[in-house]
Each structure stands twice: as structure tokens, then as C-alpha cells.
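One letter stands for each residue in the lines below.
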Amino acid sequence: MAPSAQKPRSLSLVRAPTGLDDPATSDDAKDAQLVEALREGHPGAPAALFDRYGPLVNRVLLRVLGGGADHDDRVQETFLEALRSVHTLRDAGALRPWMTTIAARVARAELRRRRLRRFFWLDAETPAPEPAVHDDHAARDALRATWRVLDQMPTDERLAFTLRFIHNEELTLVADACDCSLATVKRRLARAEARFVALCQQHPELVRRLADGGRWSPP
């Protein structure tokens, strides 16, 4: 079963800022209110941020890193970084892409740590998340093969590829998360996709997916 981050109990007992549950308020306006509450030190704002963006952060980290025993630690790291640097967010209505970018950068740092540990034989292969339908053996095999391929890719290519083709993010956000220009991320994605397709040839489960759809699609 895929890991899911849990809110610390100390956050669950504090009332959230008012207005965030009003269906008449737009998402951008809710984000702006939440950012303002965070900057003003509202005691319920951190919990509200977790409630609002915990699922998003969880998905980004899971799709880039594939889960693992330290998944919740990376989720907490993402939110701690967001709380520390919320004053740097220029557009309060852009909270979602900003949280995605922070999660991606946390994931990139973790990928580099894993690669270093693997170099010294201190870390095992990235655990693959299980598909939602557990009796779908073909999907499970394809998912595991996908993560074996991703583990062979350079960190920056893997991050860009995952954000763009697995998480379906816009190119501008992928470039921001990867700390590079739009032109650079386009070149990186082209290299990453070519490398991924070449590595897929070692795995029959993924070769069939490429043949069926003309290009790779997530299991």
C-alpha cells in the first residue's frame, strides 16, 4: 500500500484560519488568505497548509521517489521548508505550484542522497509503489519495471521526466523545480525521454506499453 503522510497531532488540535472552507471563495483567494495567515503567525495556519496541500506533496514525493520508509520524513521536510520560506513567496495565489516546487526539490536532494548511498552499497533499489488494483499483475509488473528504469537515470533527468510525464506538470513549473531555464528543461526532457525509452527495451512489460501507445504512459 502506498504511504500516506499523517498530520502531527499537535497540528490537529488547532483551529484553522476562517474562510478557507467557504465554497464561494476561489482557490486562489483561499491560498492568498492562507499565505497571509502563515506570515502573520496564525496558530492554525500550519495545520491548514498541511490539510490543503498534504495530498499534493504526498503524490509528488511518491511519484518521484517511489515511497520508502522515510517517505513521511520527506513530507515533513517539505512542509518545514515551506513554513520557513513562506515570506519569499511573491504571488500568494501561486501556493500550489510553489508547494510542488518545494516538494520536487526535496525529492531531488533525496535522490542524490540515495545515489550516493547506492554508490557505497548502503542503499537498496527504490521501492515501487503498488498499483491501486492489487490483482492487476500486469500493472504491478510494469510499475516495478518503471521504477527500475527510473533508478538508472541521472537525477536531474529523472526529476524532470517524472514531473512532466508522470505528474503531468506544466513545463514552466518543471523548469522552476529543476532550477533551470525553459529551454534547458526542454532539452533535458528530450534526453530523459530518449534514455527512458532505450532503457525500457530491457523490460518486456514496458516494451508492450510503448508498442501499444506509441510512447510510454504510466502504469
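Refer to the structure printed above.
Read on for a plain summary of the structure. (Residues numbered from 1 in each chain as written. Predicted model: local features only at pLDDT ≥ 70, side-chain atom pairs only at ≥ 80, totals over all residues. Heavy atoms only, no water.)

1. Looking at the side chain of Glu169
- Tracing the backbone through its elements, the reader meets Glu169 in the loop between helix 7 (155-166) and helix 8 (171-177).
- With residues near it in sequence (within four places) discarded, Glu169 still touches Arg96, Thr100, Leu163, Arg164 and Val174. (Helix = DSSP H or I, 4+ residues; strand = E, 2+ residues; numbered from the N terminus. Contact = heavy atoms within 4.5 Å.)

2. Structural notes on the packing of helix 7 against helix 9 (residues 182-200)
- It is the contact of helix 7 with helix 9, at a shortest axis distance of 9 Å, that shows an interaxial angle of 90°. Classified by the angle their axes make, helix 7 and helix 9 are roughly perpendicular. On the side of helix 7, the interface is formed by Asp156, Glu157, Ala160, Phe161, Arg164 and Phe165, while helix 9 contributes Val185, Arg188, Leu189, Arg191, Ala192, Glu193, Arg195 and Phe196.
- Among the residues making up the contact of helix 7 with helix 9, the classes are represented as seven nonpolar, no polar and seven charged. (Axes fitted to C-alpha atoms, helices over the stretch in contact; angles between N-to-C directions. Parallel < 35°, antiparallel > 145°, perpendicular 65-115°, else oblique. Nonpolar A, V, L, I, M, F, W, Y, C, P; charged D, E, K, R; others polar.)

3. Observations regarding the side chain of Arg108
- If you trace the backbone, Arg108 turns up in helix 5 (residues 95-119).
- A distance of 2.7 Å separates the side chain of Arg108 from the side chain of Asp179, its partner in a polar contact.
- Each residue touching Arg108, except ones within four places of it in the same chain, is listed here: Thr155, Asp156, Leu159, Ala177, Cys178 and Asp179. (Polar contact = N/O pair within 3.5 Å; in protein donor to acceptor, adjacent residues only side chain to side chain.)

4. Looking at the nonpolar core
- One finds Leu49, Leu95 and Met99 to be the most contacted residues of the largest nonpolar core, which totals 40 residues.
- Elements that contribute at least two residues to this core include exactly helix 2 (27-39), helix 3 (45-65), helix 4 (71-85), helix 5, helix 7, helix 8 and helix 9.
- Per-element tally for this core: the top contributor is helix 3, with 11 residues.
- Ignoring sequence-local partners within four residues, the contact set of Met99 consists of Leu49, Tyr53, Leu56, Val57, Thr78, Phe79 and Ala82.
- With 14 residues, the next largest nonpolar core counts Trp147, Val149, Met153 and Cys200 among its residues. (Core = buried A, V, L, I, M, F, W, Y, C linked by side-chain atoms within 4.5 Å. Buried < 20%, exposed > 50% of the residue type's maximum accessible area, 1.4 Å probe, protein only.)

5. Considerations on helix 3
- Remark: the principal bend of helix 3, roughly 55°, maps to Tyr53, with a proline, Pro55, within the next four residues.
- Among the 21 residues in helix 3, 15 count as buried, and that is most of the element. (Bend = angle between axes of the 7 residues up to and from the residue.)

6. Focus on the environment of Asn58
- By the secondary structure assignment, Asn58 is in helix 3.
- A sequence separation of 20 residues divides Asn58 from Thr78, and the C-alpha atoms of the two residues are 9.8 Å apart.
- For Asn58, the side chain forms a polar contact with the side chain of His71, separated by 2.5 Å.

7. Looking at unusual backbone geometry
- In the Ramachandran plot, Asn168 falls in the positive-phi region, its phi being about 60° despite a non-glycine side chain.
- Within the secondary structure layout, Asn168 lies in the loop between helix 7 and helix 8.
- Positive phi values are uncommon outside glycine, yet Asp179 reaches one of about 55°.

8. Observations concerning the packing of aromatic side chains
- Going through the model one piece at a time under the given rule, you end up with three aromatic pairs.
- For the pair Phe50 and Phe79, a centre-to-centre distance of 4.9 Å together with 35° between the ring planes defines the contact as tilted. Placement of Phe50 in helix 3 and of Phe79 in helix 4 is noted, with a sequence separation of 29 residues between them. Of the two residues examined, Phe50 and Phe79, each falls in the buried class.
- Each ring, one from Phe161 and one from Phe196, has its centre 4.5 Å from the other, and the planes form 25°; the classification is stacked. Note that Phe161 is positioned in helix 7 and Phe196 in helix 9, a separation of 35 residues in sequence.
- A residue is classified by how much of its surface remains accessible, and Phe161, at 2% relative accessible area, is buried.
- A relative accessible area of 0% places Phe196 in the buried class.
- Among the aromatic side chains, those forming a connected cluster through ring pairs are Phe161, Phe165 and Phe196. (Phe/Tyr/Trp six-rings, centres within 6.5 Å; stacked < 30°, edge-to-face > 60°.)

9. Focus: helix 9
- Across its 19 residues, helix 9 extends 26 Å between first and last C-alpha, which sits within 8% of the 27 Å expected from 1.5 Å per residue.
- Along helix 9, the positions that sit buried rather than exposed are Val185, Arg188, Leu189, Ala192, Phe196, Leu199 and Cys200. The buried residues of helix 9 all sit within an arc of 105° when viewed along its axis, so they share a single face. (Expected span 1.5 Å × (residues − 1). Arc of directions from axis to C-beta.)

10. What about the pattern of salt bridges?
- The tally for this structure, following the rule as stated, stands at 18 salt bridges.
- Where Glu77 meets Arg74, a salt bridge forms, and the shortest distance between an N and an O atom there is 2.8 Å. Here Arg74 and Glu77 lie together in helix 4, a separation of three residues that amounts to about one turn.
- Accessibility expressed as a relative area gives 26% for Glu77, which makes it partly exposed.
- Between Glu169 and Arg96 there is a salt bridge; the shortest N-O distance is 3.5 Å. Note that Glu169 is positioned in the loop between helix 7 and helix 8 and Arg96 in helix 5, a separation of 73 residues in sequence.
- Overall, Glu169 belongs to the buried group, its relative accessible area being 6%.
- Since its relative accessible area comes to 36%, Arg96 is described here as partly exposed. (Salt bridge = Lys/Arg side-chain N within 4 Å of Asp/Glu carboxyl O.)

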